[in-house]
Amino acid sequence: MVTIAIAGATSQLAREVLDALVATGKHKIIALIRKNPNDFPPLPGVQWIQTTYEDKTELVRLLQGVHTLLCFYAVHLDPGSETQKRLIDAAVEAGVKRYAPSEWSTGEKLKESTDVLAWYAGKVEISQYLENFNQQKKVLEYTKFQPGAFMNFLAHPRKTSKHVSTISLQIDLQNRTALTVDGRLDAEITYTTVQDIANVVARAVDYEGVWPTVGGIRGHKITARQLLDIAGRVLGQPIRVELLKMEDLAAGELKTENYPRLDLPSIPEDQVEAFSKTATIGVLISISNGVWNVSDEWNRLLPDYEFTQIEDFIRTAWGGEK
């Protein structure tokens, strides 16, 4: 049994991880939140604690006795990554042994594609910050949990987990349509369910060896061509594919009206249209560049864990719908 702290514990993925940790019945959990703790349900072993994350001295106090700290900040809402850097500094001062930065998506190729995924640039910045900490000697053990894309999004608009809401990205199985880059149908992407992510994190907390710095979680590695073939077969209807030119996307031009509108809480209403186009372009280019294809460190460290495969997920999510 160890004490685990979760920063940004109100995030949807954090809540999935929190439930998985609670289910083990092993640990004391400190859930750090900006909101009123009374607004959150009592959970066995969980203490909801309110903080602004702005006072390093307070953070050091809150992190006393914590063994593992998991961060779920929305990096695009943390200018200059100052809040997460302050959290890391406090963790080191408080003697925290293990840290998981706010990764939870793309693989190591992200650093080559922040021009098209600018909202993720903070992940690269924090990765370098952590690397600098351990240049002379290991100060803080950490792993960058990288699961690729959430497989649950393939069920949109159906919700297939307790806390994580789905959005439609480049593949819309409800309408049997997909956007891809012409000539890049064989680019690989990793999809992992949020349930598998949460379960792996719960097991990683108990892992007695040293955490790998790069912590890939590979649910199912697949090409767009293979995925669309599987989806068409399971759903009994071919997926209509719209091919877009890379040169148009690279020029910032999205020559289709069939892109998803990402009406997210963090995006002002008057910016939804522009952000949706930018995000769609960024996702399509980055998939073509292999950014969402992650490594398999945690698969190899947890060889007995069985990950959900895409065919099984689609079949379950869509209930054999034809």
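Treat the numbers as computed from the prediction; the structure is a model and nothing was measured.

Draft legend 1. How the structure looks around the packing of aromatic side chains. Considering all chains together, one arrives at 14 aromatic pairs under this definition. Measuring from centroid to centroid gives 4.8 Å for Tyr-305 and Phe-307, while their planes differ by 80 degrees, and the two rings are edge-to-face. Look at Tyr-305 and you get buried, because its relative accessible area is 14%. Judged by relative accessible area, Phe-307 falls into the buried class, the value being 14%. Each residue in the set Phe-72, Trp-104, Phe-145, Tyr-207, Trp-211 and Trp-298 is aromatic and connected to the rest through ring pairs, giving one cluster. In this structure, Lys-123 packs its charged tip against the face of Tyr-120, placed 4.7 Å from the ring centre. The residue whose ring lies beneath Arg-176 is Trp-318, and the NZ or CZ to ring-centre distance is 5.9 Å.

Draft legend 2. Local environment of helix H5 (residues 194-206). Look at H5: 19 Å from first C-alpha to last across 13 residues, which is about the 18 Å you get at 1.5 Å a residue. What H5 keeps buried is the set Val-194, Asp-196, Ile-197, Ala-198, Val-200, Val-201, Ala-202, Ala-204 and Val-205.

Draft legend 3. Representation of unusual backbone geometry within the structure. A cis geometry characterises the amide bond from His-156 onward to Pro-157, with omega recorded as 10 degrees. Turning to its location among the elements, Pro-157 is positioned in the loop between strand S8 (149-150) and strand S9 (171-172). In the Ramachandran plot, Tyr-53 falls in the positive-phi region, its phi being about 70 degrees despite a non-glycine side chain. Among the structural elements, Tyr-53 can be located in the loop between strand S3 (46-50) and helix H2 (56-62). According to the relative accessible area criterion, Tyr-53 is buried, its value standing at 1%. A positive phi angle, near 65 degrees, is found at Trp-104, a position not held by glycine. Take Trp-104: it is sitting in the loop between strand S5 (98-100) and helix H4 (121-133). A relative accessible area of 7% places Trp-104 in the buried class.

Draft legend 4. A look at the nonpolar core. Counting 85 residues, the largest nonpolar core has Ile-6, Leu-70 and Tyr-191 as its most contacted members. Each of domain 1 (2-148 + 192-216) and domain 2 (149-191 + 220-293 + 306-319) accounts for three or more of the residues forming this core. Ranked by size, the runner-up nonpolar core spans 25 residues in total, among them Ala-5, Leu-32, Ala-91 and Leu-130.

Draft legend 5. Representation of the domain arrangement of the protein chain within the structure. Under the domain assignment used here, the protein chain contains domain 1 (2-148 + 192-216) and domain 2 (149-191 + 220-293 + 306-319). For domain 1 versus domain 2, the separation of C-alpha centres amounts to 26 Å. For the pair domain 1 and domain 2, the two sides together bury roughly 2,200 Å², of which 63% comes from carbon and sulfur. Three residues, Gln-12, Trp-119 and Thr-192, lead the burial of domain 1 against domain 2; their summed loss comes to 23% of the area buried on that side. Among the ionic pairs, Asp-19 bridges to Lys-162, the shortest N-O distance being 3.9 Å. The tally of links between domain 1 and domain 2 comes to 13 residue pairs in polar contact (both at pLDDT 80 or more).

Draft legend 6. Structural detail: the side chain of Thr-3. The topology assignment puts Thr-3 in strand S1 (residues 3-7). If near-sequence neighbours (up to four positions away) are discounted, Thr-3 is found in contact with Lys-28, Ile-30, Gly-65, Val-66, His-67 and Thr-68.

Draft legend 7. Summary view of the packing of helix H3 (residues 82-94) against H4. With their axes 11 Å apart at the nearest point, H3 and H4 run at an angle of 25 degrees to one another. As judged from the angle between their axes, H3 and H4 are roughly parallel. For the crossing formed where H3 meets H4, the hand is right-handed. Contacts between H3 and H4 involve Gln-84, Lys-85, Ile-88, Asp-89 and Val-92 on the former and, on the latter, Glu-125, Ile-126, Tyr-129, Leu-130 and Phe-133. Residue composition of the contact of H3 with H4, grouped by class: 6 nonpolar, 1 polar and 3 charged.

Draft legend 8. Representation of the pattern of salt bridges. This structure, assessed with the given rule, holds 17 salt bridges. Across the salt bridge formed by Glu-188 and Lys-221, the nearest N and O atoms sit 4.0 Å from each other. Here the residue Glu-188 occupies a position in strand S11 (residues 188-192), and Lys-221 occupies one in strand S13 (residues 220-223), the gap between them amounting to 33 residues. Classification of Lys-221 by relative accessible area gives partly exposed; the value is 35%. One salt-bridge network, held together by shared partners, links Glu-108, Lys-111 and Lys-144.

Draft legend 9. Region of interest: the sheet that holds strand S14 (residues 240-244). With respect to topology, 3 strands assemble into an open sheet ordered S9-S10-S14, the strand pairing being mixed. The open sheet has two edge strands, S9 and S14, and neither has a second partner. Bridge count for strand S10 (residues 177-181) against S14 is 5 bridges, and the pairing is parallel. Bridge pairing links Val-181 to Leu-244 in S14. The strands that helix H8 (residues 272-288) touches are S10 and S14; relative to S10, the one it contacts most, it runs at about 60 degrees.

The rules behind each value
- Residues numbered from 1 in each chain as written.
- Predicted model: local features only at pLDDT ≥ 70, side-chain atom pairs only at ≥ 80, totals over all residues.
- Heavy atoms only, no water.
- Phe/Tyr/Trp six-rings, centres within 6.5 Å; stacked < 30°, edge-to-face > 60°.
- Buried < 20%, exposed > 50% of the residue type's maximum accessible area, 1.4 Å probe, protein only.
- Lys NZ or Arg CZ within 6 Å of the ring centre and 35° of its normal.
- Helix = DSSP H or I, 4+ residues; strand = E, 2+ residues; numbered from the N terminus.
- Expected span 1.5 Å × (residues − 1).
- Core = buried A, V, L, I, M, F, W, Y, C linked by side-chain atoms within 4.5 Å.
- Domains from an automatic or database assignment.
- Buried area = accessible area lost by both parts, 1.4 Å probe.
- Salt bridge = Lys/Arg side-chain N within 4 Å of Asp/Glu carboxyl O.
- Polar contact = N/O pair within 3.5 Å; in protein donor to acceptor, adjacent residues only side chain to side chain.
- Contact = heavy atoms within 4.5 Å.
- Axes fitted to C-alpha atoms, helices over the stretch in contact; angles between N-to-C directions.
- Parallel < 35°, antiparallel > 145°, perpendicular 65-115°, else oblique.
- Left-handed = near helix turned anticlockwise from the far one by under 90°.
- Nonpolar A, V, L, I, M, F, W, Y, C, P; charged D, E, K, R; others polar.
- Pairing = 2+ DSSP bridges.

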